[in-house]
Amino acid sequence: MLSSVPRALRTAGTALAAWTPLRWGAAAGGAALTALLVGLPTAVIPSPLFSRTTPTPWWNHPALAATAVLAGIVIATYVRTPAAPRASRSASIGGVLSFLAVGCPVCNKFVLVALGTSGALGVWAPLQPFLALASVALLAVAAVKRLGGEIACRAPVQDAAPAA
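Residues numbered from 1 in each chain as written. Predicted model: local features only at pLDDT ≥ 70, side-chain atom pairs only at ≥ 80, totals over all residues. Heavy atoms only, no water.

Engineer: Outline the overall build of the protein, listing residues and values.
Structural biologist: Of the regular secondary structure elements, the protein holds five helices and zero strands. Listing the helices and strands of the protein from first to last along the sequence gives α-α-α-α-α. Counting over 164 residues, the protein shows a buried share of 37%. Put simply, the protein shows about 9,700 Å² of open surface, and 73% of that area lies on carbon and sulfur atoms. (Helix = DSSP H or I, 4+ residues; strand = E, 2+ residues; numbered from the N terminus. Buried < 20%, exposed > 50% of the residue type's maximum accessible area, 1.4 Å probe, protein only. Areas by Shrake-Rupley, 256 points an atom, 1.4 Å probe, with all protein chains shown as cover.)

Shown next as structure tokens:
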């Protein structure tokens, strides 16, 4: 399996090199939208609508940036692409984990009800960096699968002239 990792990354790099400006625009738009959808309600991006009761840890910003970039790439793979392996499950789980990872531990009502305030700060908060790593890893797997499918499943070019 380890020998296939460099090949998969090379294949993903080849797919990225072939992207059109439309695809890169979709990736940038998807990344920006992801950053806003994850960063605003978790107050990693300051907003008058939401506030945190605990300070934002330093690692929330790089985790949000990595999530946004990888999600943007995954989103862009759905723009005018031939059939590719389904990676939506990895991408979806990665996105949800990112949201849970960068959110305020005592602002998450489910964690607060399940663990209480001391549990949220003492148990949940220390787990959040690992959730962030898992999130980024799952999004990276989804991106590599989607990009690899673009190379492996290239659609044949159709002739413009209709068949008689």
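The structure having been displayed, the exposition proceeds.
Engineer: Can you break down the environment of L16 residue by residue, with the values?
Structural biologist: If you trace the backbone, L16 turns up in helix α1 (residues 4-17). Sequence separation between L16 and E150 is 134 residues; the distance between their C-alpha atoms is 9.5 Å. Apart from residues no more than four positions distant in its own chain, L16 is found in contact with W24, I73 and L147. (Contact = heavy atoms within 4.5 Å.)

Engineer: How would you explain the confidence of the model for the protein if you had to name every residue and give the values?
Structural biologist: When pLDDT is averaged across the protein, the result is 80; 82% of the residues are at 70 or more. Here helix α4 (residues 88-102) stands out as the element of the protein with the lowest mean pLDDT, 73, in contrast to helix α3 (residues 60-76), whose mean of 94 is the highest. (pLDDT = per-residue confidence, 0-100.)

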